[in-house]
Amino acid sequence: QVQLVESGGGLVQPGGSLRLSCAASAGSLGLNVMGWYRQAPGKQRELVASITFGGITNYADSVKGRFTISRDNGKNAVYLQMNNLKPEDTAVYYCNLRQSPRPWGQGTQVTVSS
């Protein structure tokens, strides 16, 4: 089945930007709705954004207007452009299928701090 690998995280200052990538190293994303999730220390994993095969998007209120999810179906990849980052965005970010989730991968760490 599809295997996903996240990348692009790092340490940034408040107000900075990062672009996360989620690539299918095996299998195909196909028609699946994809989602970006994050888990901060001591907190539950939460859905940040989702995107359908056709490009319909949804965002958590906390990131609306700052984050943009996109996908390239030809490349079997999903992206998360993160702008105007805040310390509250610090978390491990994961991607996964929304309706038939795979086991969680390693994710990519995003740390927003001055």
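Quick caveat, the model's predicted, so the values are computed rather than measured.

(A) Local environment of the sheet that holds strand 5 (residues 46–51). Read across the sheet, six strands follow the order 2-10-9-4-5-6 without closing on themselves; strand pairing throughout is mixed. A single partner strand is all that each edge strand has here, and the edge strands are strand 2 (10–12) and strand 6 (57–59). Strand after strand, the sheet turns through a mean of 25° between neighbouring axes, direction not considered. The sheet contact formed by strand 2 and strand 10 (residues 108–112) spans three bridges and is parallel. When the sheet's bridge partners are listed, Gly10 is paired in strand 10 with Val110.

(B) Main features of the side chain of Arg102. With respect to the helices and strands, the residue Arg102 is situated in the loop between strand 9 (91–97) and strand 10. At 12 Å, Glu6 is the nearest oppositely charged side chain to Arg102, a buried residue that forms no salt bridge. Not counting residues up to four positions away in its chain, the partners in contact with Arg102 are Gln1, Val2, Asn96 and Leu97.

(C) Inspection of the environment of Pro101 at higher detail. Within the element layout of this structure, Pro101 appears in the loop between strand 9 and strand 10. Under the relative-accessibility criterion, Pro101 is labelled partly exposed at 44%. With 29 residues separating them along the chain, Pro101 and Asp72 place their C-alpha atoms 19 Å apart.

(D) Structural view of the state of the cysteines. In total, this model carries one disulfide according to the counting rule given. Disulfide pairing places Cys22 opposite Cys95 at an S-S distance of 1.8 Å. One quick way to see it: the torsion about the S-S bond of Cys22 and Cys95 is about 65°, and its sign makes the bridge right-handed. A residue pair is termed long-range when its members are at least 10 positions apart, and Cys22 in strand 3 (residues 18–26) and Cys95 in strand 9 qualify at 73 residues. Judged by its relative accessible area of 1%, Cys22 falls in the buried class. Its relative accessible area of 4% is what places Cys95 among the buried residues.

Cut-offs and rules
- Starting from 1, residues in each chain are numbered consecutively following that chain's sequence as written.
- Thresholds applied to this predicted model are a pLDDT of at least 70 for local features of residues and 80 or more for the giving and counting of side-chain atom pairs; totals over whole chains, interfaces and linings are not thresholded and use all residues.
- The basis for every side-chain value is the complete set of heavy atoms in the structure, and neither hydrogens nor water enter the calculation.
- At least two DSSP bridges between two strands are required for those strands to pair.
- A helix here means a DSSP run of H or I that spans at least four residues, while a strand means a run of E at least two residues long, and both kinds are numbered starting from the N terminus.
- Structural elements are reduced to axes, namely lines fitted to C-alpha atoms, with helices fitted over the stretch in contact, and the angle between N-to-C directions of any two is expressed from 0 to 180 degrees.
- When a residue's accessible area, from a 1.4 Å probe over protein chains only, is under 20% of the maximum for its type it is buried; when over 50% it is exposed; and in between it is partly exposed.
- Positive charge is attributed to Lys and Arg, negative charge to Asp and Glu, and no charge count is given to His or to the chain ends.
- One speaks of a salt bridge when a side-chain nitrogen belonging to Lys or Arg is within 4 Å of a carboxyl oxygen belonging to Asp or Glu.
- Whether two residues touch is decided by their heavy atoms; if any such pair falls within 4.5 Å, the residues are in contact.
- Our working definition of a disulfide is a cysteine sulfur pair at a distance within 2.5 Å.

Interpretation note: all reported values are geometric properties and have no functional meaning in isolation.
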